[in-house]
Amino acid sequence: MYEVKVYKVMREPLTSRYLLILDAVDQAEESVLIPIGKFEAENIHSRKCTGTGCRKSAYDMLSPILDGLDNVTFEKLVIDNCDCGIYKANLFMTAGGKDFRIDCRPSDGVVLAMDRNIPIYVKHPHECCEINN
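Residues numbered from 1 in each chain as written. Predicted model: local features only at pLDDT ≥ 70, side-chain atom pairs only at ≥ 80, totals over all residues. Heavy atoms only, no water.

Some remarks on the packing of helix α1 (residues 38-48) against helix α3 (residues 106-116)
The test is simple: Lines are fitted to the C-alpha atoms to define the axes, a helix being fitted only along its stretch in contact, and any angle between axes, read from their N-to-C directions, falls within 0 to 180 degrees. Secondary structure counts use DSSP, requiring at least four H or I residues in a row for a helix and at least two E residues in a row for a strand, with both numbered from the N terminus. Here the word oblique covers every angle except those under 35 degrees (roughly parallel), over 145 (roughly antiparallel) and from 65 to 115 (roughly perpendicular). The handedness criterion is simple: a crossing whose near helix is rotated anticlockwise from the far helix by less than a right angle is left-handed, and one whose near helix is rotated clockwise is right-handed. A contact between two residues is defined here by any heavy atoms of the two lying within 4.5 Å. Only Asp, Glu, Lys and Arg are considered charged in this grouping, and only Ala, Val, Leu, Ile, Met, Phe, Trp, Tyr, Cys and Pro are considered nonpolar; every other residue, Gly among them, is considered polar.
The geometry of α1 relative to α3 is characterised by a closest axis approach of 10 Å and an angle of 15 degrees between their N-to-C directions. Of the possible angle classes, the one that applies to α1 and α3 is roughly parallel. Two packed elements cross with a definite hand, and for α1 against α3 that hand is left-handed. Residues Glu-40, Asn-43, Ile-44, Arg-47 and Lys-48 of α1 pack against Ser-107, Val-110, Val-111, Met-114 and Asp-115 of α3. Looking at the contact of α1 with α3, its residues break down into four nonpolar, two polar and four charged.

This is the structure in structure tokens:
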């Protein structure tokens, strides 16, 4: 498992699908490309946008709610599974002294990770992406 950062989202020109590109923090590791939907791409892009034309998203109403919760700490996002090209993730957090692991889509977890400034990890692609026949 290694740490990654959000490099960018892009629209693939031939298929018009959106891709989330995660770059390894340690440049010796691989980048990861995860197919995501248009809505998710726009939300992630809005986190990286710094200009005046940046749009707000539905996730923006979540931050003040999370900030108001006592004793909640987000620890990390782990993208740890891929089945037939569908990536899966877990968000690790502590609330009220208890540890929780929340199953989530990588794109949703990435938005929260970017908002909360928590680390993002992925398993090596060859460890998690097995195609089941």
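A closer look at the pattern of salt bridges
Put simply, the rule reads: Criterion for a salt bridge: a side-chain nitrogen of Lys or Arg within 4 Å of a carboxyl oxygen of Asp or Glu. For every residue, the accessible area (1.4 Å probe, protein chains only) is compared with the maximum for its type, and the residue is labelled buried under 20%, exposed over 50%, or partly exposed between those bounds.
If you walk through the whole model with that rule in mind, you get five salt bridges. Where Glu-12 meets Arg-17, a salt bridge forms, and the shortest distance between an N and an O atom there is 2.8 Å. You can call Glu-12 partly exposed: its relative accessible area is 21%. Among the salt bridges present, the one from Glu-40 reaches Arg-105, with a minimum N-O distance of 3.0 Å. With Glu-40 in helix α1 and Arg-105 in the loop between β6 (98-104) and α3, this residue pair connects regions lying 65 residues apart in the sequence. Assessed through its relative accessible area of 12%, Glu-40 is described here as buried. The partly exposed category is assigned to Arg-105, whose relative accessible area is 42%. A network of salt bridges, in which partner residues are shared, links Glu-40, Arg-105 and Asp-108.

Comments concerning the side chain of Ser-107
Within the element layout of this structure, Ser-107 appears in helix α3. Setting aside residues up to four positions removed in sequence, Ser-107 forms contacts with Ile-36, Glu-40 and Ile-44.

Quick notes on the pairing of β6
How we decide: Pairing between strands requires that DSSP locate at least two bridges from one strand to the other.
Pairing geometry for strand β5 (residues 86-95) and β6, over seven bridges, is antiparallel. Each residue of the ladder has a partner; that of Ala-89, found in β6, is Cys-104. Between the end of β5 and the start of β6, which pair antiparallel, lie two residues, with Gly-96 showing a positive phi angle near 60 degrees.

Side note on the packing of aromatic side chains
Which entries qualify depends on this criterion: In this analysis, rings of Phe, Tyr and Trp, with Trp reduced to its six-membered ring, are considered paired at centre separations within 6.5 Å, and the interplanar angle assigns stacked below 30 degrees, edge-to-face beyond 60, and tilted for intermediate values. Consider the ring centre and the ring normal. A charge sits over the ring if Lys NZ or Arg CZ is within 6 Å of that centre and within 35 degrees of that normal.
Counting across every chain of the model gives zero aromatic pairs. Above the face of the Phe-92 ring, Lys-76 is positioned so that its terminal group lies 5.1 Å from the ring centre.

Some thoughts on the nonpolar core
Basically, it comes down to this: As used in this record, nonpolar core signifies buried Ala, Val, Leu, Ile, Met, Phe, Trp, Tyr and Cys residues forming a set joined through side-chain atoms within 4.5 Å.
With 30 residues, the main nonpolar core has Leu-20 and Leu-22 as its most contacted residues. Those elements that place two or more of their residues in this core are β1 (2-11), β2 (18-24), β3 (32-36), α1, β4 (72-83), β5, α3 and β7 (120-122). Contact partners of Leu-22, with chain neighbours within four places excluded, come to Val-4, Lys-5, Val-6, Tyr-7, Ser-31, Val-32, Ile-34, Ile-79 and Val-122.

Topic: the environment of Ile-21
Tracing the backbone through its elements, the reader meets Ile-21 in strand β2. For the pair Ile-21 and Val-6, spaced 15 residues apart in sequence, the C-alpha separation works out to 6.3 Å. Contact partners of Ile-21, with chain neighbours within four places excluded, come to Lys-5, Val-6, Tyr-7, Lys-8, Met-10, Val-32 and Leu-33.

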